[in-house]
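Fold and geometry: a report
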Amino acid sequence: MDVFIAAPDEAPYGPKFRELSKDFFALPHRSFRVDVLIRLLIWARRHQIKIIHSHGRGAGYYSRLLYFLGFKILHTPHGVHREESFWGELKFLSDRLLSYFTDQFIFVSEGEKHIAEQLKFKNAHKGQILFPILNGSDRPLPKQGSTPLKDPPFFTFGSLGRIDPIKGIEGLLDMLQEFKKAHPEIQWKWIHAGPGVPPMVPEAIRDQVTFMGPVDDPQMLFDRIDGFIAPSISESFNLSVAEALMAGIPCLISNIPGHEHYLKAGVALRYSIENCADFFFKAPAS
């Protein structure tokens, strides 16, 4: 089977896509243009492409318009959300409308599939949505606590991911500030690795928080921490948690649908992002 890829020609994925594909078409990043759609159609016809798998909202606009020209369309939303705002509602309505011009969905997790079913997404044949990716590996995930924590009273926690409101970093900083008030006897630091502009850190914990910036190798972070925190307020499937677990790092993760896979498997501990007390743990006996 020949695979052709249309995607933004940007690092880190663009160069890899060029290597892996029979031919590559450069799409503009996070924008839709009619002239690009026309050139994309010509490119797809020239290569006799019959099936298109689009990934994400932007790519989904291009693919679902090509549905009307006889292409079979598979689509992965990578995030089924209904945000409580005018633009959020408009994006949701467009996503649901475009679902009728999709032959089949491929979801990145059972959690994402479940949300789509609750929001009444249907495919072009108005059938059930049946295809989540079965995430995992060919070996069992490590059991929570497989890597022992250092002796108290000092712990190092970490997080990995881009700095984005949906990742819950600001909420975590607030919880860490409250945690310090509740447990001043515990000495800790928190390290975050990933791209983006760091948020304002509360003064009370400023000396305990480090933003590393982007890292090419997640192991650089995992080698420095005793526990991993995933504070996302919304996810489809959190790959950073999988990476931390495979490195043997105990994980504390927010109780959201995108983390459901890990919670059901019993390989991570949960906490509520709306309840500081739920985030706290009792200090070990001395």
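One can find the structure itself at the top, above this paragraph.
Here's what I pulled together on the structure shown here. Nothing here was measured: the structure is a model prediction, and the numbers come from that model.

Burial along strand β3 (residues 51-55) is one-sided: I52 and S54 are buried, while I51, H53 and H55, pointing the other way, are not. Relative to strand β4 (residues 72-76), β3 is paired through five bridges, and the arrangement is parallel. Of the residues in β4, the one forming a bridge with S54 is H75.

For the rest of this paragraph, the subject is the packing of helix α3 (residues 57-66) against helix α4 (residues 86-99). Axis separation between α3 and α4 bottoms out at 11 Å; the angle between their running directions is 40°. Classed by the angle they form, the pair α3 and α4 counts as oblique. Crossing geometry of α3 relative to α4 is assigned as left-handed. Residues R57, Y61 and R64 of α3 form the contact with α4, whose own contacting residues are K91, S94, D95, L98 and S99. Residue composition of the contact of α3 with α4, by class: two nonpolar, two polar and four charged.

Attention now moves to a nonpolar patch on the surface. Taken together, the side chains of F32, V34, I38, I42, L65, F68 and L69 define a hydrophobic patch exposed on the protein surface, amounting to about 650 Å² of accessible area. Looking at the nonpolar patch element by element, the count peaks at three residues for helix α2 (residues 34-46). Relative to the helices and strands, F32 is located in the loop between β2 (24-26) and α2. A relative accessible area of 36% means that F32 is categorised as partly exposed.

A few words now on the pattern of salt bridges. Using the criterion set out here, one finds nine salt bridges in the structure. Here K264 ties to E260 by a salt bridge, and the two come within 2.9 Å at their closest N and O atoms. With a gap of four residues between them, K264 and E260 both fall in helix α9 (residues 260-265), about one helical turn apart. The class of E260 is partly exposed, set by a relative accessible area of 26%.

In this section: the sheet that holds strand β9 (residues 227-230). Taken together, six strands build an open sheet; the order of strands is β8-β7-β6-β9-β10-β11 and the sheet is parallel. What marks the edges here is a single partner per strand, and that holds for β8 (209-213) and β11 (269-271). Each strand axis lies, on average, 25° off the axis of its neighbour in the sheet, ignoring direction. Of the strands in this sheet, β6 (154-160), β7 (187-193), β8, β9 and β11 are in contact with helix α6 (residues 169-182), which crosses β7 at around 175°.

On the basis of which strands lie adjacent, the open sheet formed by three strands has the order β3-β4-β5 and parallel pairing. Edge positions in the sheet fall to β3 and β5 (104-105), since each has one partner strand and no second. Across the sheet, α3 lies against β3 and β4, angled at about 155° from β3, the strand it touches most.

For any two helices packed against each other, one specifies the inter-axial angle together with the distance between the axes. Running from amino to carboxyl end, α2 crosses α3 at an angle of 60°, the nearest separation of the two axes being 11 Å. Classified by the interaxial angle, the pair formed by α2 and α3 is oblique. The interaxial crossing formed by α2 with α3 has right-handed handedness. The residues of α3 that touch α2, namely those facing V36, L37, L40 and L41, are Y62, L65 and L66. Taken together, the residues that form the contact of α2 with α3 break down as seven nonpolar, no polar and no charged.

Core analysis: the largest hydrophobic core is formed by 20 residues, its most contacted members being L221, F222, F228, V241, C251 and Y262. Secondary-structure elements contributing two or more residues to this core are β7, α7 (219-222), β9, α8 (239-246) and β10 (251-254). Ranked by the residues each element gives to this core, the list is headed by α8, at four residues. Not counting chain neighbours up to four residues away, the residues in contact with L221 comprise G158, S159, L160, I191, A193, M212 and F228. The next biggest cluster of nonpolar side chains, apart from the first, holds 17 residues, and it includes I169, W190, I205 and V209.

Let us now look at unusual backbone geometry. Residues A11 and P12 are joined by a peptide bond in cis, for which omega reads 5°. The topology assignment puts P12 in the loop between β1 (5-7) and α1 (13-20). Here R30, not a glycine, exhibits a phi torsion of approximately 55°, which is positive. With respect to the element layout, R30 can be found in the loop between β2 and α2. Positive phi values are uncommon outside glycine, yet Q48 reaches one of about 55°.

About the criteria used
- Residues numbered from 1 in each chain as written.
- Predicted model: local features only at pLDDT ≥ 70, side-chain atom pairs only at ≥ 80, totals over all residues.
- Heavy atoms only, no water.
- Buried < 20%, exposed > 50% of the residue type's maximum accessible area, 1.4 Å probe, protein only.
- Helix = DSSP H or I, 4+ residues; strand = E, 2+ residues; numbered from the N terminus.
- Pairing = 2+ DSSP bridges.
- Axes fitted to C-alpha atoms, helices over the stretch in contact; angles between N-to-C directions.
- Parallel < 35°, antiparallel > 145°, perpendicular 65-115°, else oblique.
- Left-handed = near helix turned anticlockwise from the far one by under 90°.
- Contact = heavy atoms within 4.5 Å.
- Nonpolar A, V, L, I, M, F, W, Y, C, P; charged D, E, K, R; others polar.
- Patch = residues over 30% accessible without salt bridge, like charges linked within 9 Å, V, L, I, M, F, W, Y side chains within 5 Å.
- Areas by Shrake-Rupley, 256 points an atom, 1.4 Å probe, with all protein chains shown as cover.
- Salt bridge = Lys/Arg side-chain N within 4 Å of Asp/Glu carboxyl O.
- Core = buried A, V, L, I, M, F, W, Y, C linked by side-chain atoms within 4.5 Å.

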